[in-house]
Each structure stands twice: as structure tokens, then as C-alpha cells.
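Tertiary structure, described
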Amino acid sequence: MPLLEDKDERFKNLFGKSAIFILVATIGIALAFILVEIKHGAFTAMSPIHFVADSGTDLREGMPVKFSGFKIGKLNQLTLDELGNVQVEVSIDTKYLGLIRQGAVMTLKKEGVIGDGVLEISRGVENKPALKAGGLVSFKREVGLEQAVVDVKNRVMPILDELYDTLHNPQGDVHQTLKNLRQFSTEMLETRERIDRMLDSVDGTLNQDIGPMLESLRKSADSAASLSESLDRELPDLLLKADETMDSLHKASETLNDSVQQTAPQLPGMIEEANATLGKTQGLVGDTQEVVDSLNSTWPFNKNASKHDDEPIRMDSHD
Amino acid sequence: MIRRLLFLTLAFIGLTACGSTPETRSSEMVQAQEADKEARRALRDGQLLRAQRGFNKVLVLQQSQDNVSGSATTMVNLATVAHQLKEHDAALTWLDRIVMENPNIYPVELQLIAAFRKSVMLADLSRIGEADSSLKIAERLCDKSCTQKLGLDVLRARLLLLNGNIKDALSLAQTVSSNSAAGMSEQANALRIAATSEEKLARYEEAFQHFEAALETDKALGFSERIAADLNGMARVAKQLGNEREAEEYSKRALIVQESLRQIDSSSRK
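Note that the coordinates shown come from a computational prediction; the quantities given were computed from them, not determined experimentally. (Residues numbered from 1 in each chain as written. Chains lettered and ligands numbered in written order. Predicted model: local features only at pLDDT ≥ 70, side-chain atom pairs only at ≥ 80, totals over all residues. Heavy atoms only, no water.)

**Some thoughts on the overall build of chain A**
If you tally the helices and strands in chain A, you get seven helices and seven strands. When each of the 319 residues of chain A is scored for burial, the buried share is 34%. Surface summary for chain A: the accessible area is close to 19400 Å², and the carbon and sulfur share equals 55%. (Helix = DSSP H or I, 4+ residues; strand = E, 2+ residues; numbered from the N terminus. Buried < 20%, exposed > 50% of the residue type's maximum accessible area, 1.4 Å probe, protein only. Areas by Shrake-Rupley, 256 points an atom, 1.4 Å probe, with all protein chains shown as cover.)

So this is what it looks like as C-alpha cells:
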């Protein structure tokens, strides 16, 4: 009889009990692991697909592959081949492979404006056969916000350069418009002189017939001259504004290179400012045109307006 | 007792004075006046569409202020602009809104002006019967001393002439042409009607004199289209009088006036 015989009933078959506990725990852990792996698709039949990327930027292993918004696979492997190209292998759930046809394009895009990158595979060409495991698809990168900002910058810059040129170039539209206007007013005066000369050469009665029109012509020439003076006054302010806009643009373009997040909020303001300046220029040119247009018809109407603002415009029995 | 009454009276006056606020022009009224000035300026410059937009804005502002008289004036102005834009239906509709309103809330003077203008526009469109009806409304609204009386008479003479009632047209036109109160413009119109009537009655010498008188006034006023009409009338009458060379000369002058008008118009469009 052993000296230290365990008389406590609780310790009977302790080894067996411990073995069962460890076995159950192990099975539990194994089941949990298996379930997790099933969830992660470890036991799903996957088919490899390949594509060649221009660079590995923004591509990473484990990156999801989506089809019509659903995750159907992931990026398996990124390798650099002997030619320096990035060989990419993605695994696609075999049951979805039949949905993708040859000619499909793998696109790297962002989820949301600043979200993670995902690979999105397109459906392919409709009448072509389904893509097979190990097949090759083409690859492209979607234009991201950064690229979009650069694109906008590339579009806005020439417009503002053109605007700058328009305002500052002596041969530009604004200067030319002013010049044309001055020429126009000079021509108006010359026309008046020609008519005066013509009238001198005919009899006095005829001179009286055309007298009212000549008076109108003189008024038109005066209007043209006053417009020219008005433009001379307003142009320096406009040029100053254009300079300010150009400075703002250069500052903004420097910021553009720093980061998309910093630039994106500034872009609308920059465009707005450019538009405002463009609008002002168009307004100025529009005003010029309006005044020139008004010369067309000043004469017939200048007698219609009432001198008293609270009375109806004058008309007689033959108007 | 008297002191108490005096105190109460003073208190009442004081409270009344505190309660009344000085009359200020509302911002809508100021905006309407500014827009009206702008629209009239646009019309003066021949920018009809801009004037039309401006007067529309004025009308909205005036109606928001319940400015009945101002609204009627602006509607007449809108009709005038529409007429110049050749939007005849729109012009007549604006005027009908004043003339046909029942019960009529607009001042009589503006009803008269609207009916008169409607009649002129209808006469321009050769809708003589309707012009006559509208003129009758204007005549009914005009008492003997109304400022438009002589203008209405000239229009009446014009309608009579268009209706072939030449003698009555001549009689009425002669009456107005000799009345300086009609104003130079209406006097010249009356002289032209008288001359045309006399031409139709084969009274060529008198017709020539009246066309000549109308020409002098139209020259002074600078109405070139009317100058051309006078010269053409003189040419027709001179021909009837057997003065072929003179007729040719007047025709040539009329042609030069019309051509000058055309050239001014085309040169300013370049």
C-alpha cells in the first residue's frame, strides 16, 4: 500500500480527464482555425490570373479583387521579371471565373476619394470565350484625384496664361478691342467729315435734309470716344486683378505638388477666381460690344425716351 | 383740472410724435427707380432687349409695392418697347391690361395714354376698325382740356384718311396744324395728313405747300424717315403739277436721305 496514496475521489482518472480536456480544446482551436480559413477562402477553389503592371506602386499582396462590386479574389504575388516589368498574379474564385471573358481589364482604383486601393476586373468582351485559369488580362490605373487635380491644373494654366496674354499683350484682344474702338471712333469722325464735305458740294437745301442724321452721327462718334476713355480708366484695375490671379495660381500650383489632400480644397477657389477674372474680361468686352451695337440704333430711339422718369416714354400719333 | 387736461394733451401729442416714423423710401422703391433709369437709358441707346428686361424688373418691384400708377406707366413702356421690337401681340396685351381692367384701378390719364397708343399701334398694323374702337375709348377718357386732345385729333384724322374719308381728314388735320399747342411733332403730322388728303383731292398746289411745311418741321425735329416721306410726297405732287425736273430732284433727295440712313445703320454695324 503506497504511503502517499491519494484518497481524494476528485483526483481519480486525472490523466484521462486532462487528456480529454486538451483534446477538446485542440479540436476547438482547430475548428476555429478551419472556420477562419474557410471564411478567408482557404478552402475555396481559386484560379490564378496574371497581368503585367507598369510599376508596383499602390499594388500589394492581399489586395482585394472585385467584380461588379463583389470581392471575388485577391492579389497573390508581385514579382519583378528580368525585363523590369511587374508580374502580378491574382487568385479568382473559380466559380466566378466563368463570368469573366477574354479581353477583361484589371483596373487599379481607389475606394472612395481617399480610400484603399482595389483591383476591379471588368466583364470582358461579350462574345469572346470565358477566361481560363492562368489567363492574362490587361491592366490600367484609374485616374486618381491627384491625377485629376494635375489634369485640371494643366487645363486651367493655359487658360490663365491666355488670359494674361490677352490682357497684357499689345496685340491681345482687349488692347485690340480698344484699338479698334479708337479706330472706329476715328472712322466715325472721318465719316462725319466726309459727309460734311459731301454736303458742302451739294446745295444748301439738301444739306438741311441730311442735317439731323449728321447730328446723330456726331453724337455716335462722341459716344465712341467716351467709351474709349472709360476703358482707359478701367483697364489698369483689370490688369491688376489679373496679376493677383496669376500669383494665386502659382502659389496654388506649388501646393498642388505637395499633396492631393492639401490641394483639393483649394482648387475650387482657384477655378472660381479664374472664372471671375474671365467673367470680368468677357463683361468688359461685352460692354464694348454693347456700346458699339448701341451706335447702330441710337439715332432712331434717342427721341423716344421721356425726360421725366415718372412719365411713360413719349410717342406721338405716327410712332 | 386745467393742468391735468394740459398734461394729458401734451402727453398725447408726445406719444403720437414718438409713434410716427419718418417716411422712408423702401429698398424696393429705390431699386425700382434705379432699374427704371437703367431701362430708359438702354432704350435711349437702342438696346431694346436690355430695356425690356429692365422694365420687366421695374414692374415686378412696383407691383410688390402696390404702386398702381408706376405699374401702369411701366406697362405702357413695356408696350412701347415691344412695339419697337415688332412684338405686336405682346405690345397690345400690355396695353389691354390697362385699358380692359375691370374695375379699372389705373389712373384715367394712363388709361387714356394706353388706349391712344393701342390705337396708334393698330393703325400701324392697318387694323383700322380696332384702331377706331380704341381711339373712341381714348376720346371718351379725354375731356376737352386733356393734354392728349390734339394728338388724338391727329390720329383721328389719320384714321379718317385711311378709311377714305378724305374731306373730314383734311378738315381735322388743318385745324390741328394751325394750333401751336399741338407741338411741333403733331403739327408736322397734321400737315402731312392735310397734304396727303389734298393730293388725293387733286389740290396739288396746296398739297405741295403743306408737304413743304411738314418737311421744314421734320427737319427741325430730325425725323429722317418722315423727311423722306415728305420729300417723296413733294416729288409725287410736283410730277402731277408737271414739274418733272423738280419731281426728279425731290425723289433724288428722298433717296439720298434713305440711303444715308441705310449707310449710317450699316457702318455702325461693322
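Read on, since the account is not over.
**Focus on the sheet that holds strand β3 (residues 70–80) of chain A**
Residues and elements named next belong to chain A. One open sheet holds the seven strands; their spatial order is β1-β4-β3-β2-β6-β5-β7, and the pairing between them is mixed. With partners counted over all chains shown, the strands left at the sheet margins are β1 (46–53) and β7 (138–141), one partner each. Between one strand axis and the next, the sheet turns by 30° as a mean value, whatever way the strands run. The sheet contact formed by β1 and strand β4 (residues 86–93) spans eight bridges and is antiparallel. Bridge pairing links Phe51 to Val88 in β4. (Pairing = 2+ DSSP bridges. Axes fitted to C-alpha atoms, helices over the stretch in contact; angles between N-to-C directions.)

**A look at the confidence of the model for chain B**
Low pLDDT marks regions whose predicted coordinates should not be analysed in detail. Chain-level statistics for chain B give a pLDDT mean of 86 and a share of 87% at 70 or above. Both confidence scores are given for the complex: pTM 0.47, ipTM 0.74. (pLDDT = per-residue confidence, 0-100.)

**Details of helix α8 (residues 149–162) of chain B**
Residue and element names in this part refer to chain B. Look at α8: 20 Å from first C-alpha to last across 14 residues, which is about the 20 Å you get at 1.5 Å a residue. In terms of burial, α8 is largely enclosed, as twelve of its 14 residues are buried. Listed in full, the buried residues belonging to α8 are Leu150, Gly151, Leu152, Asp153, Val154, Leu155, Arg156, Ala157, Arg158, Leu159, Leu160 and Leu161. Gly164 lies just past α8 and shows a positive phi near 85°. (Expected span 1.5 Å × (residues − 1).)

**So, the state of the cysteines**
Residue and element names in this part refer to chain B. As enumerated under the stated definition, the model contains one disulfide over all chains in all. Through a disulfide, Cys142 is tied to Cys146; the S-S separation comes to 1.8 Å. Disulfide Cys142 to Cys146: torsion about the S-S bond roughly -90°, handedness left-handed. Judged by its relative accessible area of 10%, Cys142 falls in the buried class. (Disulfide = S-S within 2.5 Å.)

**Some points on the pattern of salt bridges**
All names here are of chain B. With the rule as written, the count across this model stands at 18 salt bridges over all chains. Here Glu38 ties to Arg41 by a salt bridge, and the two come within 2.8 Å at their closest N and O atoms. One end of the pair, Glu38, and the other, Arg41, are both in helix α2 (residues 27–44), three residues apart, so they sit about a helical turn from each other. (Salt bridge = Lys/Arg side-chain N within 4 Å of Asp/Glu carboxyl O.)

**Some remarks on the packing of aromatic side chains**
Taken as a whole, this structure holds two aromatic pairs over all chains when the rule is applied. Relative to A:Phe139, the ring of A:Phe51 lies with its centre 4.9 Å away and its plane at 10°, an arrangement referred to as stacked. Highlighted residues: A:Phe51 in strand β1 and A:Phe139 in strand β7, separated in sequence by 88 residues. Here the two residues A:Phe51 and A:Phe139 agree in accessibility, since each one is buried. Between B:Phe208 and B:Tyr250, the ring centres sit 5.6 Å apart and the planes meet at 55°, which makes this aromatic pair tilted. Here B:Phe208 is found in helix α11 (residues 204–221), whereas its partner B:Tyr250 is found in helix α13 (residues 244–269), with 42 residues between them in sequence. (Phe/Tyr/Trp six-rings, centres within 6.5 Å; stacked < 30°, edge-to-face > 60°.)

**Re unusual backbone geometry**
Residue and element names in this part refer to chain B. Its identity as a non-glycine residue notwithstanding, Asp66 has a phi of 55°, on the positive side. Positioned with a positive phi, Ser126 is a non-glycine residue whose angle comes to about 60°. Position of Ser126 among the secondary structure elements: in the loop between α6 (108–124) and α7 (128–141).

**A closer look at the packing of α7(B) against α8(B)**
Two quantities define a packed helix pair, namely the angle between the axes and the distance from one axis to the other. Residue and element names in this part refer to chain B. α8 packs onto α7 with a crossing angle of 155° between their chain directions and a minimal axis gap of 11 Å. Relative to α8, the element α7 lies roughly antiparallel. In the packing of α7 onto α8, the handedness of the crossing is left-handed. Contact residues: α7 offers Ile128, Ala131, Asp132, Leu135, Lys136, Ala138 and Glu139, while α8 offers Leu152, Leu155, Arg156, Leu159 and Leu162. Each residue belonging to the contact of α7 with α8 can be placed in one class, and the counts come to eight nonpolar, no polar and four charged. (Parallel < 35°, antiparallel > 145°, perpendicular 65-115°, else oblique. Left-handed = near helix turned anticlockwise from the far one by under 90°. Contact = heavy atoms within 4.5 Å. Nonpolar A, V, L, I, M, F, W, Y, C, P; charged D, E, K, R; others polar.)

**Some points on the environment of A:Ser55**
Residues and elements named next belong to chain A. Mapped onto the secondary structure, Ser55 falls in the loop between β1 and β2 (64–67). In this structure, the C-alpha to C-alpha distance between Ser55 and Leu80, residues 25 residues apart in sequence, is 9.2 Å. Sequence-distant contacts of Ser55, that is, excluding residues within four places in its chain, are made with Val86 and Arg141. A polar contact is formed between the side chain of Ser55 and the side chain of Thr57, at a distance of 3.0 Å. (Polar contact = N/O pair within 3.5 Å; in protein donor to acceptor, adjacent residues only side chain to side chain.)

**Regarding the pairing of strand β6 (residues 117–121) of chain A**
Regular strands place side chains that alternate from one sheet face to the opposite one. All names here are of chain A. Burial analysis of β6 places five of its five residues in the buried class, which makes it a mostly covered element. Burial along β6 is two-sided: the residues Gly117, Leu119 and Ile121 and Val118 and Glu120 are all buried. Sheet topology places β2 next to β6; two bridges connect them, and they run parallel. When the sheet's bridge partners are listed, Val65 is paired in β6 with Leu119. Two strands pair when backbone bridges link them, and strand β5 (residues 105–110) and β6 are joined in this way by five bridges, in the antiparallel orientation. In the strand pairing of β6, Thr107 is matched with Glu120.

**Describing the confidence of the model for chain A**
All names here are of chain A. When pLDDT is averaged across chain A, the result is 69; 49% of the residues are at 70 or more. Mean pLDDT across the elements of chain A bottoms out in helix α7 (residues 266–301) (38) and peaks in helix α1 (residues 14–39) (92). Considering only residues more than four positions removed or in separate chains, one finds that residues 259–308, a stretch of pLDDT under 50, has 90 contacts.

**Thoughts on the nonpolar core**
Nonpolar side chains in soluble globular proteins tend to end up buried together. Formed by 42 residues in total, the largest nonpolar core has its most connected members in B:Phe55, B:Ile98 and B:Leu152. Top contributing element to this core by residue count: α6(B), with ten residues. Discounting chain neighbours no more than four positions away, the residues touching B:Leu152 are B:Leu112, B:Phe116, B:Leu135, B:Ala138, B:Glu139 and B:Cys142. Residues A:Phe51, A:Val90, A:Leu131 and A:Phe139 belong to the second largest nonpolar core, which totals 23 residues. (Core = buried A, V, L, I, M, F, W, Y, C linked by side-chain atoms within 4.5 Å.)

**Description of the packing of helix α4 (residues 68–84) of chain B against α6(B)**
Residues and elements named next belong to chain B. Orientation of α4 relative to α6, taken along the N-to-C sense of each, is 10°, at an axis distance of 10 Å. When the axis of α4 is compared with that of α6, the two are roughly parallel. In contact with Ser69, Ala72, Thr73, Val76, Ala79, Thr80 and His83 of α4, α6 contributes Leu110, Ile113, Ala114, Arg117, Met121 and Asp124.

**Topic: the side chain of B:Arg158**
Of note, B:Arg158 is situated in helix α8. Judged by its relative accessible area of 13%, B:Arg158 is buried. Engagement of the side chain of B:Arg158 in a polar contact is seen with the side chain of B:Asp124, the distance being 2.7 Å. Other than its neighbours up to four places away in sequence, B:Arg158 contacts A:Ser317, A:His318, B:Val120, B:Ala123, B:Asp124 and B:Ile193.

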